[in-house]
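Observations on chain architecture
So the chains spell out like this:
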Amino acid sequence: MLRKQGGAEVFRITGARQGLADDVRGRQRRYVISMSVRTVSVVAAASLWNVERHVAIVALALGVLLPYVAVVIANAGRENTPSLPSTFVPAPTRPALAAAPAEPVPDAEPVFRTPDPREHG
């Protein structure tokens, strides 16, 4: 966001995100493409099972893993554009005050207190 001299706010169009309808349409398209690839891989696995077993197993694994990947890719939308500069300005850090060194007590003996029976009764 930029400021004009008159005080009115001016927004950069390069910082605007993609419209919601365009974003949803793009995610739906990616999901349909992923599911189409999954369908082709499952059909290939079924048709190649007795002909080329190794290729059929790879195609079957792709058909099993692709739904998860497709959902993750389809739901990964509406993030901020990482290439634009951030408008967040961190607060300046203040130096911490150091604690005063504790002075050692010369020849201090520990003080032991005998328990009072009235406290536990």
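Above: the structure in question.
The present account deals with the structure reproduced in this document.

Conventions used here
Along each chain, residues carry numbers from 1 onward, in the same order as the chain's sequence is written. With pLDDT at 70 or above as the cut-off, local features in this predicted model cover only qualifying residues; side-chain atom pairs require 80 or more to be listed or tallied, and sums for whole chains, interfaces and linings still use all residues. Only hydrogens and water are removed before side-chain values are computed, so all heavy atoms of the structure are retained for them. Only DSSP runs of H or I reaching four residues or more are called helices, and only runs of E reaching two or more are called strands; each is numbered from the N terminus. In what follows, residue pairs with any heavy atoms lying within 4.5 Å of each other are defined as contacts. Accessible areas in this description were obtained via Shrake-Rupley with a 1.4 Å probe; residue shielding takes into account the shown protein chains only. Here the axes come from fitting lines to C-alpha atoms, over the contacting stretch only for helices, and the angles between their N-to-C directions go from 0 to 180 degrees. Throughout this description, any angle smaller than 35 degrees is read as roughly parallel, any larger than 145 degrees as roughly antiparallel, any in the 65 to 115 degree range as roughly perpendicular, and the remainder as oblique. Left-handed describes a crossing whose near helix is turned anticlockwise from the far helix through less than a right angle; right-handed describes the clockwise counterpart. Amino acids outside the nonpolar list (Ala, Val, Leu, Ile, Met, Phe, Trp, Tyr, Cys, Pro) and the charged list (Asp, Glu, Lys, Arg) are all regarded as polar, and Gly is one of them.

This brings us to the overall build of the protein chain. Within the protein chain, the regular secondary structure consists of 2 helices and 2 strands. Listed N to C, the secondary structure of the protein chain is β-β-α-α in terms of helices and strands. Of the contacts formed within the protein chain by residues at least 6 apart in sequence, a portion of 58% connects residues at least 24 apart. Surface accessibility of the protein chain: about 11,000 Å² in total, with carbon and sulfur atoms responsible for 63%.

The subject of this paragraph is the packing of helix H1 (residues 20–48) against helix H2 (residues 53–75). Look at H1 against H2: their axes get within 8 Å of each other, and the N-to-C directions meet at 165°. For the element pair H1 / H2, the angle class is roughly antiparallel. The handedness of the crossing between H1 and H2 is left-handed. Taken together, the residues of the contact of H1 with H2 sort by class into 18 nonpolar, 4 polar and 4 charged.

Now for the side chain of Ser41. Tracing the backbone through its elements, the reader meets Ser41 in helix H1. When residues no more than four places from it in sequence are discounted, the contact partners of Ser41 are Ala59, Leu62 and Gly63.

Taken by themselves, the reported measurements are silent on function.
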